[in-house]
Amino acid sequence: MRRALIVGGANGIGLAIAVLMAERRDVERVYVVDKTPIPSPQGGEYTPSALGNGKIQSFLFDLLKDDYAFFDRFTDIDTLMITAGRGRMELFADVSEEEIIQTMNLNATSTMRIIKRFYPRLMSTTDDFRCGVMVSIAGYLSSPFYSVYAASKAALRIFIESVNTELTKAGTAHRILNVSPGSIRGTRFNGAHHTQLDLLLPLATEIISHLEANDDLFIPKYDEVYHAVLDRYHADFRREGLHSYDYKMQTKEERR
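Computed from a predicted model, the values in this text were never measured in an experiment.

Visitor: For helix H1 (residues 12–23), give the residues involved together with the corresponding values.
Guide: An α-helical turn contains 3.6 residues, so any two residues separated by three or four positions project in the same direction. For H1, which comprises 12 residues, the first-to-last C-alpha distance of 17 Å matches the rise-based estimate of 16 Å (1.5 Å per residue) to within 8%. Burial analysis of H1 places 11 of its 12 residues in the buried class, which makes it a mostly covered element. Inspection of H1 places Gly12, Ile13, Gly14, Leu15, Ala16, Ile17, Ala18, Val19, Leu20, Met21 and Ala22 among the buried residues, and these make up the whole buried set. Its buried side turned inward, H1 meets strand E1 (2–7), strand E2 (27–34), strand E3 (56–60), strand E4 (79–82), strand E5 (130–134) and helix H4 (197–212).

Visitor: Please set out the packing of aromatic side chains residue by residue, giving values where relevant.
Guide: Counted by the stated rule, this structure contains 15 aromatic pairs. Their ring planes at 85° and their centres at 5.6 Å tell us that Phe61 and Tyr68 sit as a pair that is edge-to-face. Each of the two residues, Phe61 as well as Tyr68, counts as buried. Judged by centre distance (6.4 Å) and plane angle (50°), the rings of Phe71 and Phe74 are tilted. Among the residues examined, Phe71 registers a relative accessible area of 1% and is labelled buried. For Phe74, a relative accessible area of 3% corresponds to the buried category. Taken together, the aromatic side chains of Tyr31, Phe59, Phe61, Tyr68, Phe70, Phe71 and Phe74 make up a single cluster linked through ring pairs.

Visitor: Tell me what's going on with the sheet that holds E3, and back it up with residues and numbers.
Guide: Pairing in this open sheet of seven strands is parallel, and the strands run E3-E2-E1-E4-E5-E6-E7 from one edge to the other. One side of each edge strand has no neighbouring strand; the edge strands of this open sheet are E3 and strand E7 (217–218). Running over the sheet, H4 touches E1, E4, E5, strand E6 (176–179) and E7 and is turned about 140° from E5.

Visitor: Describe the side chain of Thr79, listing the residues and the values that go with them.
Guide: Position of Thr79 relative to the elements: it lies in strand E4. You can call Thr79 buried: its relative accessible area is 2%. Only 3.0 Å separates the side chain of Thr79 from the side chain of Asp78, close enough to count as a polar contact. Each residue touching Thr79, except ones within four places of it in the same chain, is listed here: Arg2, Arg3, Ala4, Leu5, Met21, Phe129, Arg130 and Leu211.

What counts and what doesn't
The numbers attached to residues start from 1 for each chain and follow its sequence in the written order. With pLDDT at 70 or above as the cut-off, local features in this predicted model cover only qualifying residues; side-chain atom pairs require 80 or more to be listed or tallied, and sums for whole chains, interfaces and linings still use all residues. No hydrogens and no water enter the side-chain calculation; it runs on all heavy atoms of the structure. Strands here mean DSSP runs of E at least two residues long; helices mean DSSP runs of H or I at least four residues long; both are numbered from the N terminus. One fewer than the residue count of a helix, multiplied by 1.5 Å, yields its expected span. Relative accessibility decides the category of a residue: with a 1.4 Å probe and only protein chains considered, values under 20% of the type maximum give buried, values over 50% give exposed, and everything between is partly exposed. Throughout, a contact is declared for two residues whenever any of their heavy atoms are within 4.5 Å. For Phe, Tyr and Trp, rings pair up if their centres lie within 6.5 Å, where Trp contributes its six-membered ring, and each pair is then called stacked (planes under 30 degrees apart), edge-to-face (over 60) or tilted (otherwise). Here a strand pair is declared whenever DSSP counts at least two bridges between the two strands. Here, axes are lines fitted to C-alpha atoms. For helices the fit covers the stretch in contact, and angles between N-to-C directions go from 0 to 180 degrees. As used in this structure description, the phrase polar contact means that two N or O atoms lie within 3.5 Å; if the pair is within protein, one of them must be able to donate a hydrogen and the other to accept it, and residues adjacent in sequence are counted only when both atoms belong to side chains.

Here it is as structure tokens:
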């Protein structure tokens with residue numbers, strides 16, 4: 001029977017993935033690690049039965065801690081999905097030095113540290129192991145108003161690409177899946193007051209499918225949206241950066 005570990009799974013896309021994994025007959029246990037517990041259902045967010053009829057086990061851990069020995073207890077997992085992260089819309093002039101440190105540590109360094117602890121499983125040519133990370137399309141292009149966030153996601157992107165090359169050369173079929181979406185409706189990051197599972201489950205289903213296939217990259221809405229965006233960026237990153245700035249300014253005004 002399968003066992004999964006979802007880091008950052010108490011809300012948003014992490015919770016959606018945890019719920020779907022728990023509904024599978026071949027999954028015995030889903031461990032959710034977050035700095036906050038899974039919130040009580042509210043406003044049609046989800047029902048207790050959606051939490052896997054007891055399959056989901058929640059653990060509290062702050063990824064900004066120095067000691068990561070906490071993760072050594074999860075010796076029985078065959079799936080690791082890291083969705084934890086932070087970011088908010090603000091100019092770099094308004095970002096404190098402490099926020100720079102915390103954002104880089106939470107979004108990038110923590111992921112590298114967790115994967116390091118499970119790296120022998122990734123390197124194995126006999127064990128069945130899946131690993132995925134929520135990155136961001138911001139890791140592929142300049143993102144004014146999200147400069148530090150984008151920098152942390154760019155670091156993750158290059159880390160994953162580099163390690164996947166090492167895994168290929170080591171002869172294992174395992175890969176780290178880079179999930180790089182744009183804005184995700186139904187999350188607090190996108191402005192929702194609470195996790196809206198009905199909006200998130202289709203994307204979570206796609207992510208799990210790519211995990212199962214040992215894929216190394218999944219950019220949701222690539223053909224519909226981001227292929228053209230990335231083409232414009234590579235053709236003239238300065239112009240696309242200015243366009244992104246103006247778009248975010250407009251979005252910010254609309255949210256007021």
